[in-house]
Amino acid sequence: ETCSDCEYDFIAYGSECCDTAANAFGLSCAALEGNYNWDCSGCACPLDGDEPEGCADGQFDCNGDGSQCIPEGYVCDGSSEFCNASWGADCSNGADEGLDTCGYEDECDTGGGCANGTVEDCSGDGDCAPGSWVGDGWCDGTDQPYGYDLTCYDNDGGDCDGRSADSAKSLRLDQYNAKKLAIYNYDQKMAEYDAANASRDSACDGSWSGSDFGCDGVCFSGLVDDECGDCDGDGIDEGYCDCDNNLDDCTGECGGSAEVDVCGVCGGPGETECWDGSFVCDDSDCPEESTTIDYCLELHSGANLKSFYALPDDVSITHVMSSIEGNATGVIGEGVAANYNGTDWLGSLNTISSLSGYWVIVSEAGSLCIEDGNPTDPAIQYSLHSGANLISFPIEGSVEISSSLPDDIEGSVSGIIGEGVAANNQPPWQGSLSALSGGNGYWMITTENISFSFDVSTMSRIKFDDEAGLTAPDNKEIHQSTQQAFYFIENIILDDGMQISEGDWILSYNGKTLVGARQWNGAFTDVPAMGYDGAFETDGYGKNGSVLTFKVQQNTTGKIYQIMDAVPAWKSNEIFNLAQLTAREMPDELLLVSAYPNPFNPVTNITFGIETDAVVIAKIFDVTGREVAELANGIYSAGYHVVNWNADSHSSGLYFLTITVEGFSSGNGQHSVHTQKLMLLK
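Residues numbered from 1 in each chain as written. Predicted model: local features only at pLDDT ≥ 70, side-chain atom pairs only at ≥ 80, totals over all residues. Heavy atoms only, no water.

Asker: Break down the pairing of strand 25 (residues 505-510) for me, with residues and values.
Answerer: Judged by how many residues are buried, strand 25 sits mostly within the fold: 6 of 6 residues are covered. Residues Trp505, Leu507 and Tyr509 of strand 25 are buried on one face, and the alternating residues Ile506, Ser508 and Asn510, pointing to the opposite face, are buried as well. Relative to strand 26 (residues 513-519), strand 25 is paired through 6 bridges, and the arrangement is antiparallel. The partner of Trp505 across the bridge, within strand 26, is Gln519. What sits between strand 25 and strand 26 in their antiparallel hairpin is a turn of 2 residues, with Gly511 showing a positive phi close to 65°. Taken together, the 5 bridges between strand 25 and strand 28 (residues 549-553) define a ladder with antiparallel strand orientation. Counterpart to Trp505 in the pairing with strand 28 is Gln553. (Buried < 20%, exposed > 50% of the residue type's maximum accessible area, 1.4 Å probe, protein only. Helix = DSSP H or I, 4+ residues; strand = E, 2+ residues; numbered from the N terminus. Pairing = 2+ DSSP bridges.)

Here it is as structure tokens:
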């Protein structure tokens, strides 16, 4: 039960209120008010009813009608209303301590007077009370629950604290209830003690009191737990703030993580990094930031396509190129150039622009260094004309091509050529050039006049790997030229039906001179082809109008295939797109391949292949043996070649094609003649 409705509590007497007393002791509100002077106003009084229903299991029914119930453990517990009683019965009618109920012997002297161990009631009614009640700490007044008045015995031995007999009732009741609560608590404690397999006999004072034991479990050892819970411990160690040996942090928090930083500030952020990499506690102590930068561009021997993302105040070619004087031989811009004669720079190029790219030509590898350069504004405006424009990239970092070009002009840029690399706007962008980087120059090819600024919002400090450059198999060497073109090839089918494989080499030749090479990396691989730029290293390279030959060298077998399809003539700074091409394995003997078409009118194409470099003579004869045309007479390189005969001025009929091959590269003087019939039908 709860006491939420009760107006009064009796905690001092062993129960919070009448309702909890009913639950704990089986006493009804009527019994508590009638026998113990409790006030049960407002209580639920669960044991009070019009028709008592008897007592619950484990309780003793004092009156037989459920009006007063006490715990069964109170029956015959040593209390009695008779002469041998040490304190009163628990039932108001004494039913729990009757002689018949408990089997006590009546030691009372019924013949008059009081028996030994008892004293005569002070009221003179002849009652005898236990003598032990005098001075037992309980006040026995006229309203004592058992009807005894012992106040004449030196005021009940001092138990009544100077009270009169008429005022002793409440004190006696208080003492009685307190004693009952002590008995109840004692039983509870002993039950807990027994549950712990302890013996009442081992209690320190014989009545079991937990406070008599020290923390070590020894009676009266006097040992107690320290503040850390350790028996007879020393508590928190000196210098620490808790039992876990934590320390106060700089804020005073025990075990906190705040520390004094290098600047002496509790929980501070520490030093601030300045623009120059130094560290200070106060931002105002940082050195004044420089607005200029120093940097170097690495150069290889020959032509280097470069630009400048920061230039000094003096942008004259003499000042900008001062770090490579003596090594530089020339600088070429778009439509302008300068030549260094060992003393001065001569030519139409006098100043260097942050908007332009330049071919910087040096005799040997070195570094072109700029000091006190003013960084180029990333938003600088570029104005380009239709065609090829040699431009710079304005920042030190790198940006992918598509991200760097504003959407409104990207479609007007058909291709970009770097040094030995290129990108073709298919779209998407294809080729060996994937990003634009500061310090490099680029030929940007546009289909119309445009103006724009690069979008550098996605700039990366990591330089993209666009250094494909001019590499070739078998230690073959290709020199970078200021004149270059790129052929983007979608696919190549070999004559055995197989497709070209990743890693196979595509080689470009001008005659017998290797002018470019690239390993196949998928659809639209860009193959460079260098042109002649006047340097002796590029002698034999392509010129405008040159017809190049392309070959495939398998990376795994070393076999050589020649691309048979015609390709556009070479032109500087051009990007050519080629669809699927076919390649035939290089011949291993001197042979005539075919004439097609045959019969023909009026043109037929004659394809022949030779194993090695040789002198080839191709002639046409009529049926009389008269020579009517000479199609070839000269040295041809190993591989396949095509010549054609236009017979527009000849009459229909049968003709004979004769090809004579004088092999000399093999050193055996091999001679071969091949003849084929041709039919001209008009």
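Asker: Residues and numbers for the pattern of salt bridges, please.
Answerer: Counting across every chain of the model gives 6 salt bridges. Of the charged contacts in the structure, one is a salt bridge between Asp474 and Lys476, with a shortest N-O distance of 3.2 Å. Owing to a relative accessible area of 55%, Asp474 belongs among the exposed residues under this scheme. Counted as one network, the salt bridges with shared partners bring together Lys619, Glu627 and Glu630. (Salt bridge = Lys/Arg side-chain N within 4 Å of Asp/Glu carboxyl O.)

Asker: Any chance you could break down the state of the cysteines for me, citing the residues and the numbers?
Answerer: Evaluated as defined, the whole model comprises 10 disulfides. Cys29 shares a disulfide with Cys45; S-S distance 2.1 Å. The chirality of the disulfide connecting Cys29 with Cys45 is left-handed, given an S-S dihedral of about -100°. Of this pair, Cys29 sits in helix 2 (residues 29-35) while Cys45 is found in the loop between helix 2 and strand 1 (59-61), placing the two residues 16 residues apart along the sequence. Each member of the pair, Cys29 as well as Cys45, is classed as buried. Each sulfur of the disulfide joining Cys250 and Cys266 lies 1.9 Å from the other. Measuring the twist about the S-S bond at about 80°, one finds the Cys250-Cys266 disulfide to be right-handed. With Cys250 in the loop between helix 5 (168-195) and strand 5 (272-273) and Cys266 in the loop between helix 5 and strand 5, the pair connects residues that are 16 residues apart, well separated along the chain. Classification of Cys266 as partly exposed rests on a relative accessible area of 33%. (Disulfide = S-S within 2.5 Å.)

Asker: Talk me through the packing of aromatic side chains; I want residue IDs and the actual numbers.
Answerer: Within this structure, the stated rule accounts for 12 aromatic pairs. Each ring, one from Phe608 and one from Tyr636, has its centre 5.6 Å from the other, and the planes form 75°; the classification is edge-to-face. With Phe608 in strand 32 (residues 603-610) and Tyr636 in strand 34 (residues 627-636), this pair connects stretches of sequence that are 28 residues apart. Taken together, the ring pairs in this structure connect Tyr382, Phe393, Phe452 and Phe454 into an aromatic cluster. (Phe/Tyr/Trp six-rings, centres within 6.5 Å; stacked < 30°, edge-to-face > 60°.)

Asker: Could you give an account of the sheet that holds strand 13 (residues 358-362), naming the residues involved and the relevant values?
Answerer: Here we have 5 strands laid out as an open sheet, ordered 8-13-10-11-12, and antiparallel in their pairing. One side of each edge strand has no neighbouring strand; the edge strands of this open sheet are strand 8 (302-306) and strand 12 (345-347). Sheet twist, expressed as the mean angle between neighbouring strand axes with direction ignored, is 20°. As paired strands, strand 8 and strand 13 are joined by 5 bridges and run antiparallel to one another. Among the inter-strand pairings, Ala303 is bridged to a residue of strand 13, identified as Ile361. (Axes fitted to C-alpha atoms, helices over the stretch in contact; angles between N-to-C directions.)

Asker: Explain the side chain of Ser307 residue by residue, including any values.
Answerer: Within the secondary structure, Ser307 is located in the loop between strand 8 and strand 9 (310-311). The class of Ser307 is buried, set by a relative accessible area of 0%. A distance of 2.6 Å separates a polar atom in the side chain of Ser307 from the backbone oxygen of Asn440. Leave out the neighbours within four places in its chain, and Ser307 touches Leu297, Ser356, Gly357, Ser392, Phe393, Gly439, Asn440 and Gly441. (Polar contact = N/O pair within 3.5 Å; in protein donor to acceptor, adjacent residues only side chain to side chain. Contact = heavy atoms within 4.5 Å.)

Asker: A description of the pairing of strand 10 (residues 328-332) should follow, citing residues and the corresponding values.
Answerer: Bridge count for strand 10 against strand 13 is 4 bridges, and the pairing is antiparallel. Across the sheet, the residue bridging to Val331 is Val360, located in strand 13. Sheet topology note: the strand 10/strand 11 (residues 337-340) ladder contains 3 bridges and is antiparallel. Considered in strand 11, the bridge of Gly330 is made with Asn339. In sequence, strand 10 turns back onto strand 11 through a hairpin of 4 residues, with Gly335 there showing a positive phi of about 80°.

Asker: An account of the environment of Thr557 is requested, with residue identities and associated values reported.
Answerer: Turning to its location among the elements, Thr557 is positioned in the loop between strand 28 and strand 29 (560-563). What makes Thr557 partly exposed here is its relative accessible area of 48%. For the pair Thr557 and Asp504, spaced 53 residues apart in the sequence, the C-alpha separation amounts to 9.7 Å. A polar contact of 2.5 Å, which involves the side chain of Thr557, links it to the side chain of Gln554.

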